[in-house]
Amino acid sequence: MGINALFSKSRFTIVLLFLLVNLGAFALLRVVLLIKQLADIDSPVYQIVLAFLIGMVNDLAFFSYLLIPFVLYLLVLPNRIYQSKIHKIISFGVFITCLYGLFFIELSEWTFWDEFGVRFNFIAVDYLIYTHEVVSNIIESYPLGWLLSGILIITVLCFLLVRKTLARTFTASESFPSRLKITGALLLLPVISYATVGSAWYQFSANTYLNELAANGPYQFFSAFRNNELDYRHFYKVGDDQHLSNAIKKQLGAEDAAGNLYNIKRIVKPVGEEKRLNIVLITVESLSADFLATFGNKENITPYMDEWFKEGLLFTNFYATGTRTIRGLESLTLSIPPTPGQAIVKRPDNGNLFSFGRVLQQKGYDTAFLYGGRGYFDNMNAFYSGNGYRIVDQTDFTQEELTFTNAWGVSDDIIFNRTLKEADQDFQANKPFFFQIMTTSNHRPYTYPEGKIDLPSGSGRQGAVKYTDFAIHQFIEQAKTKPWFDDTVFVMVADHCAGSARKIELPVDKYHIPLFIYSPKHVPAKRNDILSSQIDVAPTVLGLLNASYESQFYGQDIMQMTKEQGRALISNYQKLGLFKDNKLVYLSPQQKVDVVDDPLGAHKPLDMNAVASLVTEDMAYYQSADYIWAHRLSRYQ
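Here is what the cut-offs are and how they apply
- Residues numbered from 1 in each chain as written.
- Predicted model: local features only at pLDDT ≥ 70, side-chain atom pairs only at ≥ 80, totals over all residues.
- Heavy atoms only, no water.
- Helix = DSSP H or I, 4+ residues; strand = E, 2+ residues; numbered from the N terminus.
- Rg over C-alpha atoms; globule rule 2.2 N^0.38 Å.
- Contact = heavy atoms within 4.5 Å.
- Areas by Shrake-Rupley, 256 points an atom, 1.4 Å probe, with all protein chains shown as cover.
- Axes fitted to C-alpha atoms, helices over the stretch in contact; angles between N-to-C directions.
- Parallel < 35°, antiparallel > 145°, perpendicular 65-115°, else oblique.
- Left-handed = near helix turned anticlockwise from the far one by under 90°.
- Phe/Tyr/Trp six-rings, centres within 6.5 Å; stacked < 30°, edge-to-face > 60°.
- Buried < 20%, exposed > 50% of the residue type's maximum accessible area, 1.4 Å probe, protein only.
- Lys NZ or Arg CZ within 6 Å of the ring centre and 35° of its normal.
- Pairing = 2+ DSSP bridges.
- Polar contact = N/O pair within 3.5 Å; in protein donor to acceptor, adjacent residues only side chain to side chain.
- Right-handed = clockwise from strand over helix to strand, strands pointing away.
- Salt bridge = Lys/Arg side-chain N within 4 Å of Asp/Glu carboxyl O.
- Patch = residues over 30% accessible without salt bridge, like charges linked within 9 Å, V, L, I, M, F, W, Y side chains within 5 Å.

Draft legend 1. Looking closely at the overall build of the protein chain. Regarding its fold elements, the protein chain presents 22 helices and 19 strands. Against the 2.2 N^0.38 benchmark of 26 Å for 637 residues, the protein chain shows a C-alpha radius of gyration of 28 Å, consistent with a compact globule. When contacts within the protein chain are restricted to residue pairs at least 6 apart in sequence, long-range pairs at least 24 apart make up 73% of them. Accessible surface, the protein chain: about 26,400 Å² in total, of which carbon and sulfur atoms supply 58%.

Dropping the structure here:
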């Protein structure tokens, strides 16, 4: 049977035609992504071929779901209407629209990969919710008009190539029983896909980039939408609760706590008089350690911070717990391990939790969350207000203050200037303050006020980092003129690194961030190289204040830790890791446990039985955190 006869025999060949276009487009995207990431894919050729074959299966699975409404439509439509001229015109229009949608998705996947180094995941789901910020960011970051026009041209050219073949499908005449048989066969495909192609089926290799090549972006998007929060006890290896409860209590020094399962409450009572100092916690967007000359950078984009770090307490072996802002805020505020799926900041019923702010609120502090953007993004306002913080975000600024904004909010100098005003007001009211600041400038589209630094606005990440460095310098110099400066502790930390994509699943070096504590009258200049992470910030700062409190923190005072006690918790939304003793243990869905020796160097896999105590410790952190959240043990009301 010739190709012309094939497409004129059945109306359902229109589905076949669109499938072929889809498979071609998805395969071409894989080729482009492969070329982009070729230096990081050191796998044999046969594995690359296998990635493309697995990718085709994923593409077919996605298409099997997509075709359901079209197949049902083709089933019920009578031949007379199907073959009519008006239906042909409408179908051409729908086909063109679907082609445009396909190529738009391809472009979106490219930009998402360029930003995150992965296919669509739960981050894309979140971004779909916050359309104002995301759409504005895209408009400001890319020549959108040209790109959309280019997609239109490609769509038209593709349609012209298949138009004659498409037209032949409208000559087919089929009886309803015949259509019903074909429909039954086609609808069997999504059933088979659902039963055989799981959300993690594409993860066949130790190379993360190769796994992502094998995935299908739209399929992963809908999978992430469905699995935005993971049931820990269903997906992860679970140990004996009593054994792990004892392990985590010992790790945190809570052995004397009541016998209740996972009761980690303990009294922290340092030696010496408590200092009633103000705290300003600056969380800098995407400030990787490797942006700083202090950690080896040669671009001179942080001239102020590199000198400033000599005047206070710098932690050089410090790591983010996750790869997103809300993970950083979760760790800094709650001092808990990152539970799988969505961060606590985004989950419902997340108020009245034991937190950094709660400790200080009980001591009479004014606690405020100051954000340069709109705090409804990522549920930040709801989370912080639900935990006793005042909120200051972009909506609270006057027109006189709003001298510069972009898609993500005001420039960093504006949020810092507002912080100075808030501190002045609290000082006049004789009230100590704790301010958590979240900056926004070091984020695509990387725009900021012109004339502040020697790199033009919008020129890239280096300019945004250097502008943030400038804004922090200006803020500290202005703070030095204030009567409250001497009694204030400034803490600067990143929320996460600028990028976490690598060929391995949990690239530890991509979690390395700076932590710096500055208070000339109270904190001597020093370097600390104890391995630690964001969960340790709250207890460390409270330790510098000699604060007494009942703790439920998972973090510990880094200044009181020995090198042997050093560890860092790192994760993405599925992999839950413990980095300790130059080994990385991480838990994954499907009850998997992986161990890596020398994760910053040779990255050699180890048998989990060789480091059984580390595996137990890793499980104790994450299983206890899930239990405490699920059983509401960290609530104060």
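After that view, the rundown keeps rolling.
Draft legend 2. Molecular detail of the packing of helix H3 (residues 45-66) against helix H10 (residues 176-196). The interhelical angle for the contact between H3 and H10, taken along N-to-C directions, is 130°, at an axis separation of 8 Å. Taken together, the axis directions place H3 and H10 in an arrangement best described as oblique. Handedness of the H3/H10 crossing: left-handed. Facing Ala61, Ser64 and Tyr65 of H3, the residues of H10 in contact are Leu189, Pro190, Ser193 and Tyr194.

Draft legend 3. Just the packing of aromatic side chains, in detail. Per the counting criterion, the structure on display carries 36 aromatic pairs. Geometrically, the ring pair formed by tryptophan 308 and tyrosine 518 is edge-to-face, given 5.4 Å between the ring centres and 65° between the ring planes. Placement of tryptophan 308 in helix H15 (residues 303-308) and of tyrosine 518 in strand S11 (residues 515-518) is noted, with a sequence separation of 210 residues between them. Exposure remark for tryptophan 308: the relative accessible area of 1% places this residue in the buried category. Members of the aromatic cluster, each reached through a chain of ring pairs, are Tyr304, Trp308, Phe309, Phe416, Phe475, Phe485, Phe490, Phe516 and Tyr518. Residue placement shows arginine 11 over the ring face of tyrosine 82; its charged tip is 4.4 Å from the ring centre.

Draft legend 4. Main features of the sheet that holds strand S18 (residues 592-597). Taken in spatial order, the five strands make up an open sheet running S15-S16-S17-S18-S19, and their pairing is antiparallel. Looking along the sheet, the strands with just one partner apiece sit at the ends: strand S15 (568-571) and strand S19 (604-606). Averaged over all pairs of adjacent strands, the angle between their axes in this sheet comes to 25°, without regard to strand direction. Taken together, the six bridges between strand S17 (residues 583-588) and S18 define a ladder with antiparallel strand orientation.

Draft legend 5. Spatial organisation of the side chain of aspartate 413. Note on placement: aspartate 413 falls in helix H19 (residues 412-428). A distance of 2.6 Å separates the side chain of aspartate 413 from the side chain of tyrosine 467, its partner in a polar contact. In this structure aspartate 413 touches Pro449, Tyr467, Ala471 and Gln474, once residues within four positions along its chain are discounted.

Draft legend 6. Summary view of the pairing of S17. Among the six residues that make up S17, five are buried, leaving the element largely enclosed by the rest of the structure. When strand S16 (residues 576-580) meets S17, the two strands line up antiparallel, connected through five bridges. Directly across from phenylalanine 579, in S17, lies its bridge partner leucine 584. Counting the residues in the hairpin turn of S16 and S17 gives two residues, including aspartate 581, whose phi is positive at 55°. Remark: three residues form the turn of the hairpin made by S17 and S18, two consecutive strands paired antiparallel; glutamine 590 in that turn has positive phi of roughly 70°.

Draft legend 7. Region of the structure containing the pairing of strand S5 (residues 366-371). Of all six residues making up S5, six are buried, and the element is well covered by its neighbours. Going residue by residue along S5, you find Asp366, Ala368 and Leu370 tucked away on one face and Thr367, Phe369 and Tyr371 tucked away on the opposite face as well. Bridge analysis of S5 against strand S6 (residues 390-392) gives three bridges, and the strand direction is parallel. Residue pairing for S6: phenylalanine 369 is matched across the bridge by isoleucine 391. Chirality of the crossover, the property in question, places the unit of S5, helix H18 (residues 380-385) and S6 among those that are right-handed.

Draft legend 8. Here's a closer look at the pattern of salt bridges. The full count for this structure, using the stated rule, is 22 salt bridges. Across the pair glutamate 422 and arginine 418 runs a salt bridge whose closest N-O atoms are separated by 3.0 Å. Taken together, the positions of glutamate 422 and arginine 418, both in helix H19 and four residues apart, correspond to about one turn of that helix. Accessibility assignment for this pair places glutamate 422 and arginine 418 in one class, buried. We note a salt bridge from glutamate 477 to lysine 480, for which the minimum N-O separation is 3.3 Å.

Draft legend 9. Spatial organisation of a nonpolar patch on the surface. On the surface, a nonpolar cluster with roughly 520 Å² of combined accessible area is contributed by Leu66, Phe70, Ile86, Ile89, Ile90 and Val94. Residue contributions to the nonpolar patch peak at four residues, all from helix H6 (residues 85-116).

Draft legend 10. The side chain of serine 355, seen in detail. Examined against the element boundaries, serine 355 turns out to sit in the loop between helix H16 (325-334) and helix H17 (356-361). We classify serine 355 as buried; its relative accessible area is 0%. Not counting chain neighbours up to four residues away, the residues in contact with serine 355 comprise Thr333, Leu334, Tyr389 and Phe553.

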